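The lines below spell out each chain.
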Amino acid sequence: MSQTDNSEIRAALTASGSQAARQVLLGKLGGLPTRAAQLVRAEIALQDGMPEDAIAAVIGGFGESPEAPGPAKILAEAFLECDDPVSAHRALTKHCDSQGFQMLRAQLSVVAALGDQDATVALAFRACEAFEDRPAMVEHALLCLARVDALDAIWQLFKTSGFKAVKLALRQSLIESCLRCGSGADLARFLAWWEGDSVASLLGALSSFDADRQHSVLAEAAHNLPVGRALFFLGHACDRAGLQDIGRDILKRCRSHQAPQVWPKQAQSLTPQRESLLAQSYEKVLRWLDVAEADRAEWLTRLDYGMRLSAEVDFLYASDPAFRADFDSRRRAPDLGPLKALADAGQRGILVTAHTGLVMQITTFFQEAGLTDVTMIGGHPCHRKIYPGGQMLHPMPPGGHRGYAGPLARKTLAENGIVALAVDLDVTPMMRLRHHGVEVSLPTTVPRLALQCDAPLIWGCSHLRGEEIHYDCTPLPTKHATETDERFYERVLLRCLDLMRDACLRDPANAGSAAKMLARSAD
């Protein structure tokens, strides 16, 4: 069997979400050379949460310190899963001088697991210098630095790379490092640097520490933060974590704030570093939208404007009456006819949403239209207090979607209600799609739920058009009598991608979350 066949089988095994399909593919491994088959089995065992089986497969074919980088990396990862960093280090012995991307990541994981702060710092900066154009390397380096509590190195890497650390798990690891070190000052500068909502990350981190440590670190962080959205979200996090005294003081400070401008009327010129970082992070989005090379600088500037507005709007809307009045005047009344028809008839339905534009403005549109009996799964508890119609929101618990969204959605539909669910969440099972030249993975949750509960699907999403805020509402495909469930899922998801893409084409300011969605699939 050729090397190409080997690679195709390994890719299919990794991507397949069907256990039956995996078994068929595993049966084809008999045609591979023995060591190649063992390596594929090791990868599958590691993916399936059986690191001991992966270790046995690699050692059986390649020994405890493999010559080839692929088996060495898998063996090291398996030993780390078994909490054995010494053996993981031995697995990489012959690759200490490697400059490859995957091997440097593996080495970083191992030295961090060994608790060697100096070695982790040195290797982190070497890896990020070698792969300065790969945000994934910076992200991994930050995770490893957080494990060894190298706070000064983390801050230095933030400043030199311009990286914002957007993933919840990474932010939670960094917050935990600040809490272990008792440093509210470091926590404050990280929260300010991230320029966004960090409530979920904060709550996840706080759960591992006692009340005295929580109180001292968060009080110091609040003292070090200026009035702004980072402080605003810290206040809501404190309130949810049971630290009401800190939370009350913070939110009182925020309510005294006056916005420096009523509406950010102009996009700010980008620094070369910021433009380069956005161009790297949104390269796949630019291809998906067919943005011409000559238009990219202007497009990225408008994208940055939308990201800043999305990040600021919750804080400004809650704290500044002038901003709120001006902002509300820019909202254009939508046609919610498809949804109102369901509600008036007492029929169930699924409102399919996405993270484009100003996401939480959805509740104000519905409140103004008198359509308030909708269960919207998502948002944060603070959004329930900030926006008109916020009572329709049902925020996820800190643990995430599993065990919460599905039962609540099914209960609502069983009672002939309308439930709103985002189609672009990172949940399984996923379906791989090809759309305008790029590969995209979206969960099949929404169309699957529609079939299970016999509920029609209606698209609804807010988006910016210049200085105005609009809302689209349109029916999505229904299942044909002769088509398979999988084909129905595909048609629905492709139509959702069409609508998301249309919003991003109308105004680049709506494309802020598109990079995260597209990053789930490699072209």
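Calculation notes
Residues numbered from 1 in each chain as written. Predicted model: local features only at pLDDT ≥ 70, side-chain atom pairs only at ≥ 80, totals over all residues. Heavy atoms only, no water. Helix = DSSP H or I, 4+ residues; strand = E, 2+ residues; numbered from the N terminus. Contact = heavy atoms within 4.5 Å. Phe/Tyr/Trp six-rings, centres within 6.5 Å; stacked < 30°, edge-to-face > 60°. Buried < 20%, exposed > 50% of the residue type's maximum accessible area, 1.4 Å probe, protein only. Lys NZ or Arg CZ within 6 Å of the ring centre and 35° of its normal. Pairing = 2+ DSSP bridges. Salt bridge = Lys/Arg side-chain N within 4 Å of Asp/Glu carboxyl O.

**With respect to the environment of Cys178**
Tracing the backbone through its elements, the reader meets Cys178 in helix α11 (residues 168-181). Residues Cys178 and Phe190 lie twelve residues apart in sequence; the distance between their C-alpha atoms is 9.4 Å. If we ignore the near neighbours within four places in the chain, the residues touching Cys178 are Leu151, Ser183, Asp186, Leu187 and Phe190.

**Structural notes on unusual backbone geometry**
Phi at Asp290 is positive, roughly 55°, even though this residue is not glycine. Mapped onto the fold, Asp290 is located in the loop between α18 (283-288) and α19 (296-319). Backbone geometry at Asp454 places phi at a positive 50°, although glycine is not the residue there. Among the secondary structure elements, Asp454 is positioned in the loop between α25 (445-453) and β7 (457-465).

**Re the packing of aromatic side chains**
When we look at a pair of aromatic rings, we describe it by the centre distance and by the angle of the planes. Taken as a whole, this structure holds 13 aromatic pairs when the rule is applied. Judged by centre distance (6.4 Å) and plane angle (75°), the rings of Trp155 and Phe158 are edge-to-face. With a gap of three residues between them, Trp155 and Phe158 both fall in helix α10 (residues 151-161), about one helical turn apart. There is no split in this pair, since Trp155 and Phe158 are both buried. Ring geometry for Tyr317 and Phe327: centres 5.9 Å apart, planes at 80°, overall edge-to-face. One end of the pair, Tyr317, is in helix α19; the other, Phe327, is in helix α20 (residues 321-329), with ten residues separating them in the sequence. This pair shows no difference in class: Tyr317 is buried, exactly as Phe327 is. Here the aromatic residues Trp155, Phe158, Phe190 and Trp193 are joined through ring pairs into a cluster of three or more. The ring of Tyr317 carries the charged tip of Arg324 above its face, separated from the ring centre by 5.9 Å. It is Arg331 that lies over the ring of Phe365; its NZ or CZ is 5.9 Å from the centre.

**Topic: the sheet that holds strand β4 (residues 418-422)**
Strand order in the open sheet made by the six strands is β3-β2-β4-β1-β7-β8, with mixed pairing throughout. Only two strands of the sheet have a single partner each, and these edge strands are β3 (393-394) and β8 (468-475). Two strands pair when backbone bridges link them, and strand β2 (residues 374-377) and β3 are joined in this way by two bridges, in the parallel orientation. Note that in β3 the partner of Met376 across the bridge is Leu393.

**With respect to the side chain of Asn510**
Inspection of the secondary structure puts Asn510 in the loop between α26 (485-506) and α27 (514-518). Residue class for Asn510 comes out buried when judged on its relative accessible area of 1%. Once residues within four sequence positions are removed from consideration, Asn510 is found in contact with Thr356, Gly357, His463, Leu464, Ala503 and Cys504.

**Some points on the pattern of salt bridges**
Any two side chains of opposite charge can pair if their charged atoms end up close together. In this structure the tally under the stated criterion is 25 salt bridges. The residue Asp239 makes a salt bridge to Lys385 at a minimum N-O spacing of 3.6 Å. Of this pair, Asp239 sits in helix α15 (residues 229-240) while Lys385 sits in helix α23 (residues 381-386), placing them 146 residues apart in sequence. Salt bridges sharing common partners tie together Asp152, Asp186 and Arg189.

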